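The lines below spell out each chain.
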Amino acid sequence: MFVQIIKGKTTNADAMVALGEKWQQELRPGATGYLGSTIGAAADGTFIAAIQFTDDVAAKANSERPEQDAFFKEMSQYIDGEPVFRESSDTSLLFDGPSEKATFVQVMESTCKDRAKAEATEPAMLDELRKARPDLLGGLRVWDGNQAIELAYFTSEAEARKAEQSAEFSAQTEEFMSLYDDMTFTDLPNPQVNVA
């Protein structure tokens, strides 16, 4: 799987969401290799779009379509400054991955100090995580060098906040979290999630 991530500031979150819906209706049918997308904006205007393709060839072919270029120009009028683009085929899914049932998505960006150790520790935690967090439907992780971008898909923001306060984690989970530095969170309260 190949994922493109766009992050920036929007001057009109509603217009960005409407454009996302327009893309699904008008451009998605011609997007070969499209697997899904997550688009949303935080309260401060930060927007994030994560688009999944089968591979980089399909993503490149989509980017080169004239209608895609026209779409991005239309979208650009609602972007303040230059957005940041990242793309990677170094990706993985948590549980069943992105979920259209999610009404809240949290994007976590961090630097991993020891990826090998993190990946060795993670499998043992997943059963614990699934039991402790029924509000967590799935996730998508994208690596850009030692930078990790993770999208977590929740049933609702209220349930996610409640579970954050009540979930008890083992020492193993705390050790896993200690392997990540400079973690930032972007909350997308009304995400548009599409799965092909």
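Every chain begins its residue count from 1, and numbering advances along the sequence as written. With the structure being a predicted model, the display of local features is reserved for residues of pLDDT at least 70 and the display and counting of side-chain atom pairs for 80 or more, all residues being used for whole-chain, interface and lining totals. Working from all heavy atoms in the structure, the side-chain values ignore hydrogens and water.

**Examining the packing of helix H1 (residues 13-26) against helix H3 (residues 66-76)**
- Between H1 and H3, whose axes approach to 11 Å, the crossing angle comes to 170°. Judged by the inter-axis angle, H1 sits roughly antiparallel to H3. Crossing of H1 against H3: the hand is right-handed. Residue-level contacts link Met-16, Leu-19, Lys-22 and Trp-23 of H1 to Gln-68, Phe-71, Glu-74 and Met-75 of H3. Lines fitted to C-alpha atoms define the axes, with helix axes restricted to the stretch in contact, and inter-axis angles between N-to-C directions lie between 0 and 180 degrees. Runs of E in the DSSP output that reach at least two residues are strands. Runs of H or I that reach at least four are helices, and both are numbered from the N terminus. Relative orientations are named as follows: roughly parallel for angles under 35 degrees, roughly antiparallel for angles over 145 degrees, roughly perpendicular for angles from 65 to 115 degrees, and oblique for any other angle. Should the near helix be turned anticlockwise from the far one by less than a right angle, the crossing is left-handed, and should it be turned clockwise, the crossing is right-handed. The contact rule is simple, with two residues in contact once any of their heavy atoms fall within 4.5 Å.

**Focus on the sheet that holds strand E4 (residues 79-88)**
- Judged by pairing direction, the sheet is antiparallel, and its five strands sit side by side in the order E4-E1-E3-E2-E10 without closing on themselves. Each having just a single partner strand, E4 and strand E10 (192-195) make up the two edges of the open sheet. In this sheet, adjacent strand axes meet at a mean angle of 10° when their direction is disregarded.
- Strand pairing is defined by DSSP finding a minimum of two bridges between the two strands. As paired strands, strand E2 (residues 34-41) and strand E3 (residues 46-53) are joined by seven bridges and run antiparallel to one another.

**Observations regarding the packing of aromatic side chains**
- Two rings from Phe, Tyr or Trp (for Trp, the six-membered ring) form a pair when their centres are within 6.5 Å of each other. A pair whose planes differ by under 30 degrees is stacked, one over 60 is edge-to-face, and the rest are tilted. For the structure shown, the criterion picks out five aromatic pairs.
- Ring geometry for Phe-104 and Phe-154: centres 5.9 Å apart, planes at 35°, overall tilted. In this pair, Phe-104 sits in strand E6 (residues 104-112) while Phe-154 sits in strand E8 (residues 147-154), placing the two residues 50 residues apart along the sequence.
- Exposure classes here rest on a 1.4 Å probe applied to the protein chains alone. A residue is buried below 20% of its type maximum, exposed above 50%, and partly exposed in between. When its relative accessible area of 6% is taken as the criterion, Phe-154 is described as buried.
- A network of ring pairs unites the aromatic residues Trp-23, Tyr-34 and Phe-53 as a single cluster.
- In our convention, an over-ring charge means Lys NZ or Arg CZ found within 6 Å of a ring centre and within 35 degrees of that ring's normal. Taking the ring centre of Trp-143 as reference, the NZ or CZ of Arg-115 above it sits at 4.2 Å.
- Over the ring of Phe-95 we find Arg-130, and its NZ or CZ is 3.9 Å from the ring centre.

Without other data, these values stay purely geometric and don't point to any function.
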